[in-house]
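So the chains spell out like this:
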Amino acid sequence: MPNSAQVTAAEISRLAGVTRATVSNWRRRHPDFPSPVGGTEASPAYDLAAVRDWLAARGQLPESSPADELSTALRTTPADAARLLPLVLAAAPLGKEEIEQLTGLSDDRLAKQAQKLARGVADTLPRTDEASYRAAEAELLRTLLTCVRDEGAVKTADVLAECDPDEVSAGGAYETPPQLAALMADLLKGTDDSYPGIVFDPACGAGNLLIAAAERGAQELYGQDMVPTQAMQAAVRLAVLAPAAKQQVVAGDSIRQDAFPALLAQAALCTPPYGDREWGHEELAYDPRWIYGLPPRSEPELAWIQHCLAHLTPGGTAILLLPPATAERGSGRRTRAELIRSGAVRAVMALPAGAASPLHIGLHLWLLRRPHEQSAPPQQLLFVDASGSQPDRATMRGSRRPALDWPAIEKIVVESWRRYDSDPDGFESAPGTARAVPLLELLDESVDLTPARHTRVAPAAIQPDAQAAAAEELRERLRRANRQVATLVEAAPTTSAGTAPRPWRSAAVADLLRGGALTLLRSRPTRGSLGQAEPEPAKEITGETVLTARDVAARRTASGIADETYSGEEVRIEIGDVILPETLLDNPAGMARVATENDAGSLLGRTLFLLRPDPARLDPWFLAGFLSADANVNAASVGTSIVRVDARRLRIPLLPLAEQQRYGRAFRELYALRSAADAAQRLAEETAAALAAGLTNGALLPPETASAPD
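Residues numbered from 1 in each chain as written. Predicted model: local features only at pLDDT ≥ 70, side-chain atom pairs only at ≥ 80, totals over all residues. Heavy atoms only, no water.

Looking at the sheet that holds strand S18 (residues 593–594)
What counts is decided by this rule: Here, a strand pair is defined by DSSP locating no fewer than two bridges between the strands. Helix numbers and strand numbers start at the N terminus; a helix is a DSSP run of H or I with at least 4 residues, a strand a run of E with at least 2.
One open sheet accounts for 4 strands, arranged S14-S20-S17-S18; its pairing is antiparallel. At either end of the open sheet lies a strand with only one pairing partner, and these are strand S14 (518–522) and S18. When strand S17 (residues 578–581) meets strand S20 (residues 608–613), the two strands line up antiparallel, connected through 4 bridges. Note that in S20 the partner of Val578 across the bridge is Leu611.

Dropping the structure here:
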């Protein structure tokens, strides 16, 4: 009989798609909630099967995908991910019918056939242990093969790596997001559009950087990672996603146990682990890689820089993603100075916070080249500051990861580098963004390579008249915005309903859906949604605009950009649609929004409800106004830390269409008032900031007073 897996409250919250506070409420309020079967008093564990049954009985169990089923199977039958990954690679080229024939075999025959398949690809993977499977694991093997069939080998490998109980990521090691991996790979392209043929990543993780390089033309890929499961995962992903390239991925510590001592690549891409003080400072004190000086114990990033340079051909390029402290810590001053003097450092580029983990830190890209004996070293270094390419923090409430403007970041970083690389002496600086700095200016006591320090506008470049004119323009715009707010306040009078509130009958949104007065749409399928239209098949939507929950909260047009990670069904917004955020963290005011011509054609983002009213029966502004009522939202909400709105439970008064339109006009004026107030607030902040900057940099003078203050 298979083992019964156990789950914590946090895992239950992920399984049900609710907050941990909601799970705690279930435990307190429902006597039939499963009792703990393990864990500790502070962190109890529950039987997974019992939890799934309880959630299913309440309609709280989401429809599971093959990946979800595999994750559950791994809890029930724990297995070494590295032992299963060869089977994933072996099953990748099989067709649907071939996999179905495999899964239909008896338990014993399935285990033997899976073992035969896995051993056939063992030579292409880092781990040399022979893959062996038992008949008792047959159900796990069937679930794995089904996941490969329905969701692909890459997704299956990712699930195995995430669920592996025997492996943990190295401290300070983070995955490189696909958008950032693409940007780093783009920086390797030459001024003649050529691309390096051999690319090396000594801390490859799941292989995102090597995959990005292969997509752009790299023909040989070499990777190493100290976590064996991640090295195996990278090998599987490379074999599936870059089959035309020669590949070799090895498990091991690149700094202590270099798997490629003789390798000389044309390029290196690397996101090394940060802050590892046990990187081998003492045992590697006389290592020949440290030609720019032995890195201090507290500077492992400088060891990774020199390791990458040691594996490059002369003139080869290395791009590393590093913490900002690498550019300015005092302990690394001497090594930085040697790197600068030799001409190895060519550019340092600042990214906005949120570009990669840790998300609260703005990381740096270092672009280095191994000096060529026949070429004179460069006399200047490029600094690029793209840290300003980030969303307004006020619109990021409830978001786990800022929605960065990657096209804008790539344009600043890549175009600045290519302009500089094609003509270093003729490079024209972009004040505040990009500047080429003579090396002699950098070799001071601190040797600080922080981009913001070198790209900021110098006081000599400030033009007082221009700054005063810009500040006055902001002041005038603020005056107009304040006048608009005052006008809208006067234009929205109301009268008393008498001695008691006006009574009316109401209906739940669920009833209106059943009656056809409304249609409910989501950017992802919802289970059993009454009145929900049949979703259209997913289409290629890369680059199209997406209306996000933050856009709704900020009362602005769509700002999101669909990319290859966008997984929702294609739901296009039409004029008159009413859009409501699913969580109050996305929109604390609970404000619904009526789509206008500016929104039409945009895609509906995640965590948003779209209610499409029948215009002959419901006025959209009337609907939006009552959907946003505090009492209505509170009555239809669940959760504490993250409050989710059940749109079907919201109630709408049953009024004649003419009466609805009267209310609708009032709600539309109030929406305009809020929007105008938002604009006035933003202008007030911009105006105050511009005036303060002018006063502190000497461009503006304070107003003269008639008399001295008391």
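Concerning the side chain of Ser254
To be explicit about the condition: A 1.4 Å probe rolled over the protein chains alone gives each residue an accessible area, and that area as a share of the maximum for its type sets the label: buried under 20%, exposed over 50%, partly exposed in between.
Tracing the sequence through the fold places Ser254 in the loop between strand S6 (246–251) and strand S7 (265–270). Overall, Ser254 belongs to the buried group, its relative accessible area being 1%.

Description of helix H18 (residues 464–490)
The condition that has to hold: Here the expected span of a helix is defined as 1.5 Å times the quantity of residues minus one. Should any heavy atoms of two residues lie within 4.5 Å, those residues are counted as being in contact.
The end-to-end C-alpha separation of H18 is 39 Å, in line with the 39 Å expected for 27 residues at 1.5 Å each. Looking at H18, one finds that the buried residues are Gln467, Ala471, Leu474, Leu478, Ala481, Val485 and Leu488. Buried positions along H18 lie against helix H23 (657–696).

Looking at the side chain of Asp577
Rules: Distance and chemistry together define a polar contact, namely a pair of N or O atoms within 3.5 Å, with one atom able to donate a hydrogen and the other to accept it when in protein, and with adjacent residues in sequence counting only for side-chain atoms on both sides.
Checked against the element boundaries, Asp577 lands in the loop between strand S16 (560–561) and S17. Residue Asp577 is classed as buried on the basis of its relative accessible area, which comes to 1%. Engagement of the side chain of Asp577 in a polar contact is seen with the backbone nitrogen of Glu574, the distance being 2.7 Å. Setting aside its immediate chain neighbours within four residues, Asp577 contacts Arg572, Arg593, Val594, Ala595, Leu610, Leu611 and Arg612.

What to know about helix H15 (residues 406–422)
Selection rule: Working definition: the arc comes from the directions between the helix axis and the C-beta atoms, pointing outward to the latter.
The terminal C-alpha atoms of H15 lie 24 Å apart, and with 17 residues this matches the ideal 24 Å at 1.5 Å per residue to within 8%. Those residues of H15 that sit buried are Trp406, Ile409, Val413, Val414, Ser416, Trp417, Tyr420 and Asp421. Angularly, the buried residues of H15 cover 155° about the axis, an arc narrow enough to put them on a single face. For H15, exposure combined with an orientation more than 90 degrees from the buried face picks out Pro407, Lys411 and Ser422.

Some points on the confidence of the model for the chain
The condition that has to hold: On a range of 0 to 100, pLDDT expresses the predictor's confidence in each residue.
Summarising the model, the chain shows a mean pLDDT of 84, and 87% of its residues fall at 70 or more. No element of the chain has a lower mean pLDDT than strand S21 (residues 637–638), which averages 72, and none a higher one than strand S4 (residues 198–201), which averages 97. Contacts for the low-pLDDT stretch residues 392–402, under 50 throughout, to residues beyond four places or in other chains number 21 contacts. Every residue in residues 525–539 is under pLDDT 50, and counting partners more than four places away or in other chains gives 26 contacts.

A word on the packing of helix H5 (residues 81–91) against helix H9 (residues 153–163)
For clarity, the cut-off: Working convention: axes come from line fits to C-alpha atoms, limited for helices to the stretch in contact. Angles between N-to-C directions cover 0 to 180 degrees. Geometric relationships in this document are graded by angle, where less than 35 degrees denotes roughly parallel, more than 145 denotes roughly antiparallel, 65 to 115 denotes roughly perpendicular, and other angles denote oblique.
Contact geometry for H5 and H9: axes closest at 10 Å, N-to-C directions at 175°. The angle between H5 and H9 places the two elements in the roughly antiparallel class. Between H5, through Ala81, Leu84, Leu85 and Val88, and H9, the contact on the second element is made entirely by Ala153, Thr156, Ala157 and Leu160.

Looking at the packing of aromatic side chains
Formally: Pairing of aromatic rings covers Phe, Tyr and the six-membered ring of Trp, with a centre-to-centre limit of 6.5 Å; geometry is then stacked below 30 degrees between planes, edge-to-face above 60, and tilted otherwise.
The full count for this structure, using the stated rule, is 16 aromatic pairs. Both rings, one in Tyr222 and one in Phe260, keep their centres 5.5 Å apart while their planes meet at 75°; by these two values the pair is edge-to-face. Residue Tyr222 is found in strand S5 (residues 220–225), and its partner Phe260 is found in the loop between S6 and S7; the two are separated by 38 residues along the sequence. Judged by relative accessible area, which is 8%, Tyr222 ranks as buried. Geometrically, the ring pair formed by Phe622 and Tyr663 is edge-to-face, given 6.4 Å between the ring centres and 65° between the ring planes. Of this pair, Phe622 sits in helix H21 (residues 620–627) while Tyr663 sits in helix H23, and the two are 41 residues apart along the sequence. Under the relative-accessibility criterion, Tyr663 is labelled partly exposed at 21%.

Remarks on the pairing of S7
With respect to burial, S7 is a largely interior element, 5 of its 6 residues being buried. Here S4 runs beside S7; their pairing, made up of 2 bridges, is parallel. Directly across from Phe200, in S7, lies its bridge partner Ala268. Two elements, S7 and strand S8 (residues 312–322), share 5 bridges in a ladder whose sense is parallel. Note on S8: the bridge partner recorded for Cys270 is Leu320.

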